[in-house]
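# Structural characterization, general
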Amino acid sequence: MENFLKIFLSSFIKQIKEFNRYPNFYLKSLFYTPIAILLPFWFTIRFFLNNNDVNSINTSFTLLLGVILWNFIYFSVIEAYNIISRELNTDTIYLVFLAPISKIAWLLGASFAPSIMFIFSLGIVTVIFYLITQPVIMINGLLFITALVLTVILSWSMSLGVFILTIWLKRIFNILNIGLEIIAIFVGVLYPVSHIPSFIRVISYCIPLTYGISLFRQSFVGVNLSSVGYEVLAMALFTLFYMLISIIFFNRFERRLKQNGSFLQY
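Residues numbered from 1 in each chain as written. Predicted model: local features only at pLDDT ≥ 70, side-chain atom pairs only at ≥ 80, totals over all residues. Heavy atoms only, no water.

## Some remarks on the nonpolar core
- In terms of nonpolar packing, the biggest core is built from 62 residues, with Trp 70 and Leu 209 touching the most fellow members.
- When contributions to this core are tallied by element, the ones reaching two or more residues are helix 1 (2-18), helix 2 (23-48), helix 3 (54-89), helix 5 (103-133), helix 6 (141-169), helix 7 (173-186), helix 9 (208-218) and helix 10 (229-260).
- A per-element tally of this core places helix 3 first, with 17 residues.
- The next biggest cluster of nonpolar side chains, apart from the first, holds eleven residues, and it includes Val 228, Val 232, Met 235 and Ala 236. (Core = buried A, V, L, I, M, F, W, Y, C linked by side-chain atoms within 4.5 Å. Buried < 20%, exposed > 50% of the residue type's maximum accessible area, 1.4 Å probe, protein only. Helix = DSSP H or I, 4+ residues; strand = E, 2+ residues; numbered from the N terminus.)

Now the structure itself:
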């Protein structure tokens, strides 16, 4: 466990330093993303809704929370692709797989670096929007932390899957991007899942992010943890299940890689 944490932290620190070579990452996380998210919601309240209507402001704020959580997942997964693509181009990934270290610890540490940056960036967006609009909210801190932690673990499982697919198929950006856009339809980013047709809703309830967005929104309207216990349990079970599947596939992939002795087999 100690070695796992050391590798995780080493990979995390390395990736943080690596961002200094790619200023576009900072522009995306600290400038483009906040403005792209914030402006549409601000204009909606300012010009299309009653600026003094508390219900309209609260509704816009809860919608914003869903968009923020979705953007966290989206950018974390896309950045996971960018990280592994850079490591493939520089042959670093070859050294990692040859070294007697935990590959999963290295990959999770690398994916955690952009996650921290996006949490900070999107947290700023939430605070700015709150200060501008002054919604009436009652934060349930425990529910908020629970939803956030499970969402970070979910982003790890998805990032691990992206690492495997990128090493295997090399160029998957277009497929990955389309896949994420399709997922956005099912998880209720801009509308409650209850408004989705019932035959599609079945798929929604199999995606842990559906529960994450719902819990994230409800944590800001004073909902008790006991009243959403089912959603918390469902998200935890689905998140851990997908994480376990990602780890199993990664271990199988690593064994096949050692047997073949080359990345060129993929």
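## Brief notes about helix 3
- The first and last C-alpha atoms of helix 3 sit 52 Å apart over 36 residues, in line with the 52 Å expected at 1.5 Å per residue.
- Counting buried residues along helix 3, 30 of its 36 residues qualify, which places the element largely inside the surrounding structure. (Expected span 1.5 Å × (residues − 1).)

## What to know about the environment of Trp 106
- Tracing the chain through its elements places Trp 106 in helix 5.
- Measuring from C-alpha to C-alpha, the distance between Trp 106 and Trp 168 comes to 18 Å, with 62 residues separating the pair along the chain.

## Notes on the packing of helix 6 against helix 9
- With their axes 9 Å apart at the nearest point, helix 6 and helix 9 run at an angle of 155° to one another. One way to sum up the angle between helix 6 and helix 9 is to call them roughly antiparallel. Seen along the crossing, helix 6 lies across helix 9 with a hand that is left-handed. Each of Leu 143, Phe 144, Ala 147 and Leu 154 in helix 6 lies in contact with helix 9, whose residues at this interface are Pro 208, Leu 209, Gly 212, Leu 215, Phe 216 and Gln 218.
- Broken down by class, the residue content of the contact of helix 6 with helix 9 amounts to eight nonpolar, two polar and no charged. (Axes fitted to C-alpha atoms, helices over the stretch in contact; angles between N-to-C directions. Parallel < 35°, antiparallel > 145°, perpendicular 65-115°, else oblique. Left-handed = near helix turned anticlockwise from the far one by under 90°. Contact = heavy atoms within 4.5 Å. Nonpolar A, V, L, I, M, F, W, Y, C, P; charged D, E, K, R; others polar.)

## Structural notes on the confidence of the model for the protein
- When pLDDT is averaged along the protein, the result is 79; 91% of the residues meet or exceed 70.
- Predicted confidence in the protein is weakest over helix 4 (residues 92-98), with a mean pLDDT of 70, and strongest over helix 9, with 87. (pLDDT = per-residue confidence, 0-100.)

## So, the environment of Ile 185
- Mapping Ile 185 onto the fold places it in helix 7.
- A relative accessible area of 48% places Ile 185 in the partly exposed class.
- Note: C-alpha distance between Ile 185 and Phe 31 (154 residues apart in sequence) is 26 Å.

## Description of the packing of aromatic side chains
- Counting across every chain of the model gives 16 aromatic pairs.
- Among the aromatic side chains, those forming a connected cluster through ring pairs are Phe 61, Phe 129, Phe 144, Phe 216 and Phe 220. (Phe/Tyr/Trp six-rings, centres within 6.5 Å; stacked < 30°, edge-to-face > 60°.)

## Remarks on helix 7
- For helix 7, built from 14 residues, the straight-helix expectation of 20 Å at 1.5 Å per residue is met to within 8% by its first-to-last C-alpha distance of 21 Å.
- Just downstream of helix 7, Gly 188 is the residue with a positive phi angle, here 75°.

## Regarding the packing of helix 3 against helix 7
- With their axes 11 Å apart at the nearest point, helix 3 and helix 7 run at an angle of 165° to one another. If you check the angle between helix 3 and helix 7, you find them roughly antiparallel. Like other packed secondary-structure pairs, helix 3 and helix 7 cross with a definite hand, here right-handed. Residues Trp 70, Tyr 74, Val 77, Ile 78 and Tyr 81 of helix 3 form the contact with helix 7, whose participating residues are Phe 173, Leu 176, Asn 177, Leu 180, Glu 181, Ile 183 and Ala 184.
- Among the residues making up the contact of helix 3 with helix 7, the classes are represented as ten nonpolar, one polar and one charged.

## Topic: the side chain of Ser 76
- Within the fold, Ser 76 resides in helix 3.
- Among the residues examined, Ser 76 registers a relative accessible area of 1% and is labelled buried.
- At 2.7 Å, the side chain of Ser 76 forms a polar contact with the backbone oxygen of Phe 72.
- Residues contacting Ser 76, with those up to four places away along its chain left out, are Ser 115, Phe 118, Ser 155 and Ser 159. (Polar contact = N/O pair within 3.5 Å; in protein donor to acceptor, adjacent residues only side chain to side chain.)

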